[in-house]
Amino acid sequence: MTDAAAESRPPRIRKPDWIRVKAPTSVGFSETKALMRRLNLATVCEEAACPNIGECWTKKHATVMILGDTCTRACAFCNVKTGMPRAVDKTEPQHVADAAAELGLEHIVITSVDRDDLPDGGASQFVKVIEALRRTTPNTTIEILTPDFRNKADAAVEAIVAARPDVYNHNLETVPRLYPTIRPGARYYASLRLLESVKKHDPSIFTKSGLMTGLGEQRLEVHQVMDDMRSADIDFLTMGQYLQPTPRHAKVEEFTTPQAFGAYGAIARAKGFLLVAASPLTRSSYHAGDDFAKLRAAREAKLARG
Ligand code: SF4
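Residues numbered from 1 in each chain as written. Predicted model: local features only at pLDDT ≥ 70, side-chain atom pairs only at ≥ 80, totals over all residues. Heavy atoms only, no water.

Draft legend 1. Expanded view of the overall build of the protein chain. Broken down by element type, the protein chain carries twelve helices and ten strands. Taking 2.2 N^0.38 as the reference for a compact globule, 306 residues should give roughly 19 Å; the C-alpha atoms of the protein chain span a radius of gyration of 18 Å, in line with that estimate. Within the protein chain, the proportion of its 306 residues that are buried is 53%. Counting contacts in the protein chain only where the partners sit at least 6 residues apart, residues at least 24 apart contribute 76% of the total. Total accessible area on the protein chain is roughly 14,300 Å²; 53% of this is exposed by carbon and sulfur atoms. (Helix = DSSP H or I, 4+ residues; strand = E, 2+ residues; numbered from the N terminus. Rg over C-alpha atoms; globule rule 2.2 N^0.38 Å. Buried < 20%, exposed > 50% of the residue type's maximum accessible area, 1.4 Å probe, protein only. Contact = heavy atoms within 4.5 Å. Areas by Shrake-Rupley, 256 points an atom, 1.4 Å probe, with all protein chains shown as cover.)

Draft legend 2. Representation of the site of the ligand. The local shell around the ligand consists of Val-44, Cys-45, Cys-50, Asn-52, Ile-53, Cys-56, Thr-63, Arg-283, Ser-285 and Tyr-286. When residues of the shell around the ligand are traced back to their parent elements, those giving at least two are α3 (44-47) and α4 (53-58). Among the residues forming the shell around the ligand, the class breakdown is six nonpolar, three polar and one charged. (Near = heavy atom within 4 Å. Nonpolar A, V, L, I, M, F, W, Y, C, P; charged D, E, K, R; others polar.)

Draft legend 3. View of the packing of aromatic side chains. Tallied over the entire structure, the rule returns five aromatic pairs. Ring centres 6.3 Å apart and planes at 80° place the aromatic pair Phe-126 and Phe-149 in the edge-to-face group. Taken as a pair, Phe-126 in helix α6 (residues 123-136) and Phe-149 in the loop between β6 (141-145) and α7 (153-162) lie far apart in primary sequence, 23 residues in all. For the pair shown, Phe-126 and Phe-149 are each scored as buried. Ring pairs connect the aromatic residues Tyr-179, Tyr-188 and Tyr-189, which therefore count as one cluster. Positioned above the aromatic ring of Phe-273 is the side chain of Arg-230, whose terminal nitrogen or guanidinium carbon lies 5.5 Å from the ring centre. It is Arg-299 that lies over the ring of Phe-206; its NZ or CZ is 3.7 Å from the centre. (Phe/Tyr/Trp six-rings, centres within 6.5 Å; stacked < 30°, edge-to-face > 60°. Lys NZ or Arg CZ within 6 Å of the ring centre and 35° of its normal.)

Draft legend 4. Up close: the nonpolar core. By size, the foremost hydrophobic cluster in this structure holds 83 residues, and its most contacted members are Ile-110, Phe-149, Ile-160, Tyr-168 and Leu-237. If you tally residues by element for this core, the top one is α6, at seven residues. The next biggest cluster of nonpolar side chains, apart from the first, holds eight residues, and it includes Phe-206, Phe-236, Ala-277 and Leu-295. (Core = buried A, V, L, I, M, F, W, Y, C linked by side-chain atoms within 4.5 Å.)

Draft legend 5. Summary view of unusual backbone geometry. For Asn-40, which is not glycine, the phi dihedral falls at a positive 60°. With respect to the helices and strands, Asn-40 occurs in the loop between α2 (27-38) and β1 (42-43). The class for Asn-40 is exposed, based on a relative accessible area of 55%. At Glu-173, a residue that is not glycine, the phi angle is positive and equals roughly 70°. Mapped onto the elements of the fold, Glu-173 is located in the loop between β7 (167-169) and α8 (179-182).

Purely spatial values, then, with no claim about function.
Written out as structure tokens, the structure is:
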């Protein structure tokens, strides 16, 4: 986005009261931050300016972002910096495992920047992180939130699924009509296919995907995305309010009310997702450990029903 385009936009809409969060000040927050610095790890919590950082880091829940802090894409909603990333850090997988051990995590979420510059898109680093976690903290359940591995998805998914994460998450982010402006480097149906292929390779892995609201999507378009997700056998849908990280990013078209999130959640559950989390502050990794326990319980209940 150019400076001129950013300047020509109307002012941002004021945040409603239901979206406000407290500034992070707790001891747990400071300790989590110090640990990430010491192990030289980036987090999406900081890089994406997540509003939940005070709450999550107080509980020592952080989502590690591997493969550096610089992304090869420039999505209109995302605060992560764009550029030419550094070389892959060979010590990173063990550092992630050490962080999980020190934080005492029962469940960890690992994500990454897009690495279109790498021959495998970064898939082998996900595999190494999963292996290091299995060695170091074998009781920690593992959730990965991957990029779309543009033009490399088949091989990338095959390699990662073979390492057996517990949850495979890939966010569709928005409705297909908005992809050219919001997620220009990605293809909606390629992302859907990626998630579908995870289930085909290993049906025991939970699949998960997320949508942002407030970018100009229509309600019926969101319902269609839910149907597409169910056709791809996605288990868990997360939905949360998009927040504009800086004036240079896509503006918020609308603040979705808590009641509207409730309605989206009811419709999604009726469409057959095992689990739905939909609220203004829901993010992919928000309460991910608690939700993993709910996912397992929902699957067991479904199997018991036959
Ligand atoms: S919701 Fe996820 S990204 Fe945001 S602070 Fe919590 S763990 Fe980090």
